[in-house]
Amino acid sequence: MFVYAVRSTGIYCRPSCPSRRPRREQVQFFDRPASAEQAGFRACRRCHPQKATVEDPNLALVEQICRFIIEREDRAPALEELSQQFHISPYHLQRTFKRIVGVTPRQYAAAQRADRLKAHLKERRTVTEAIYEAGYKSRSSAYDQSAGQTGITPATHKRRGGGQAGTQTH
C-alpha cells in the first residue's frame, strides 16, 4: 500500500514492520518501495517491503477506509462512524487497520492532516489560512498537534522553509 522511510537510518519499511517506531520528524512516506529506493533509501531486512506479499483479505477494505479518511478533510471520522460506513465492528476495524497500516485510524487521520498543513504552509501567504485549509478547527489545536508530532510550530515551519530556497526544514 505504502512504505515509510526513516531519514536518520536511510531505511524504508512497511507500516506493519515490527521494528522500533521512529520519531515522526524523521519519517517520510512513499507510495511504493521503488519511490523510496529512488530517493536513496534501502529496504528493511526485517519486513522486506520490496518483495511481493500474499494479499491480505482485508487490504481492499483498509484501502477504502484510508481513502474515506483522506476525503474527509474537514474532520477526522470517529471510529464508530467508520464502523457504520464499512459495516464492521469498531474493535475489528481498529485492530485490522492497525495491523495493516501500522497506526490507528485516528493516528492516520492526524498524520494526513499534518501533511496537508505542511503542504498548505508552502502555498499560503499566512499560517492562519494554512491551518484552516488543512482541516484544523482552531489555531490552538493546530499548534498543539503540530508541535507534538514534529516538534515545531506551524509558524516556525513556515519561517524555516516552506519551500523557500536557502533555508532548512525540520
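Here's what I pulled together on the structure shown here. What you see is a predicted model; the values in this text were computed from it and never measured.

1. Here's the deal with the pattern of salt bridges
In step 1: Scanning all chains against the criterion turns up three salt bridges.
In step 2: Salt-bridge contacts for Glu25 lead to Arg23; the nearest nitrogen and oxygen are separated by 2.2 Å.
In step 3: With a shortest N-O distance of 3.0 Å, Arg32 and Asp31 are connected by a salt bridge.
In step 4: Look at Arg32 and you get partly exposed, because its relative accessible area is 46%.

2. Regarding the nonpolar core
In step 1: Among the nonpolar cores identified, the biggest contains 17 residues, and Ile65, Ile69, Leu82, Phe86, Phe97, Val101 and Tyr108 are the most heavily contacted of them.
In step 2: Elements with a contribution of two residues or more to this core: helix H2 (59–71), helix H3 (79–86), helix H4 (90–101) and helix H5 (105–123).
In step 3: Counting residues per element, this core draws most heavily on H2, at seven residues.
In step 4: Residues in contact with Ile65, not counting those within four places in the same chain, are Leu82, Phe86, Leu93 and Phe97.
In step 5: Cys13, Cys17, Cys44 and Cys47 belong to the second-largest nonpolar core, a separate cluster that totals eight residues.

3. Things to note about the state of the cysteines
The term disulfide refers to a covalent linkage connecting the sulfur atoms of a pair of cysteines.
In step 1: Enumeration over the complete set of coordinates arrives at zero disulfides.
In step 2: Unpaired in terms of disulfides, Cys44 finds its nearest cysteine sulfur in Cys13, a separation of 3.7 Å.
In step 3: A residue is classified by how much of its surface remains accessible, and Cys44, at 8% relative accessible area, is buried.

4. A few points about unusual backbone geometry
In step 1: A positive phi angle, near 45°, is found at His48, a position not held by glycine.
In step 2: Examined against the element boundaries, His48 turns out to sit in the loop between strand E4 (42–43) and H2.
In step 3: For His48, a relative accessible area of 29% puts it in the partly exposed group.

Each value, and the rule that gives it
Throughout this document, residue positions are counted from 1 along each chain, in the order its sequence is written. Under the rules for a predicted model, residues below a pLDDT of 70 receive no local features and side-chain atom pairs below 80 are neither given nor counted, while totals for whole chains, interfaces and linings still include all residues. The basis for the side-chain values is all heavy atoms of the structure; hydrogens and waters are excluded. By definition here, a salt bridge exists when the distance from a side-chain nitrogen of Lys or Arg to a carboxyl oxygen of Asp or Glu is within 4 Å. Relative accessible area decides the class of each residue, using a 1.4 Å probe on protein chains only: under 20% of the type maximum gives buried, over 50% gives exposed, and in between gives partly exposed. Residues grouped as a nonpolar core are buried Ala, Val, Leu, Ile, Met, Phe, Trp, Tyr and Cys residues, joined through side-chain atoms within 4.5 Å. Counting from the N terminus, the helices are DSSP H or I runs at least four residues long and the strands are E runs at least two residues long. The criterion used for residue contact is that any of the two residues' heavy atoms lie within 4.5 Å. By convention in this document, the label disulfide applies to cysteine sulfur atom pairs within 2.5 Å.

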